[in-house]
Amino acid sequence: MKIVYPAIFTKKEDGNGYQASFPDLEGCVAEGEDLEDAADRAREAATDWISVEMDEGNDLPELSHAEDLALAEGSIVKYLTMTIQLVPGYD
């Protein structure tokens, strides 16, 4: 199953890489050396976050829309797609 959520990417204060956070996935954050690395790590973190919620029988949060998000100056929003395996061994 494919699930899409927006991630907010912000350049780290020290200028070395990016931090990613998901406004809909409480506490789900990641960092990377560059934007591509941060996106890959954010996708992994979100996949784990979603998998735990589903395993615990919780409903997933509704998707926010980019125009509704408050962004710090210089931050960008990217929609990331996570693939969740509902049955082990199948995509």
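Note that the structure is a prediction, hence the values are computed from the model and not measured. (Residues numbered from 1 in each chain as written. Predicted model: local features only at pLDDT ≥ 70, side-chain atom pairs only at ≥ 80, totals over all residues. Heavy atoms only, no water.)

**Student:** Mind showing me how you'd approach the environment of Ile 3 here?
**Tutor:** Mapped onto the elements of the fold, Ile 3 is located in strand β1 (residues 2–11). With relative accessibility at 10%, the residue Ile 3 sits in the buried group. On a C-alpha basis, the gap between Ile 3 and Gly 57 in space is 16 Å, while along the polypeptide they are 54 residues apart. What Ile 3 contacts, discounting residues up to four positions off in sequence, is Ile 50, Leu 60, Leu 80, Thr 81, Met 82 and Ile 84. (Helix = DSSP H or I, 4+ residues; strand = E, 2+ residues; numbered from the N terminus. Buried < 20%, exposed > 50% of the residue type's maximum accessible area, 1.4 Å probe, protein only. Contact = heavy atoms within 4.5 Å.)

**Student:** Help me out: how do you make sense of the sheet that holds strand β3 (residues 29–32) in this one?
**Tutor:** Spatially, four strands are ordered β3-β2-β1-β4 in an open sheet, and the strand pairing comes out antiparallel. Looking at strand neighbours, the two that pair on one side only are β3 and β4 (76–83), the edges of this open sheet. Strand-to-strand twist of the sheet, defined as the mean angle between neighbouring strand axes without regard to direction, takes the value 30 degrees. Direction of pairing for strand β2 (residues 18–21) relative to β3: antiparallel, over a ladder of four bridges. Directly across from Gln 19, in β3, lies its bridge partner Glu 31. (Pairing = 2+ DSSP bridges. Axes fitted to C-alpha atoms, helices over the stretch in contact; angles between N-to-C directions.)

**Student:** Quick question: what am I supposed to make of the nonpolar core here?
**Tutor:** One broad trend across soluble globular proteins is that nonpolar side chains are buried collectively. The biggest cluster of nonpolar side chains holds 20 residues, and the ones touching the most others in it are Phe 9, Phe 22, Leu 25, Ile 50, Leu 80 and Met 82. Contributing elements (two or more residues each) for this core: β1, β2, α1 (35–55) and β4. Per-element accounting of this core gives the leading share, seven residues, to α1. Those residues in contact with Phe 22 that lie beyond four places of it in its chain are Tyr 5, Pro 6, Ala 7, Cys 28, Ala 42, Ala 46, Leu 80 and Met 82. (Core = buried A, V, L, I, M, F, W, Y, C linked by side-chain atoms within 4.5 Å.)

Any functional reading would require information that these geometric values do not contain.
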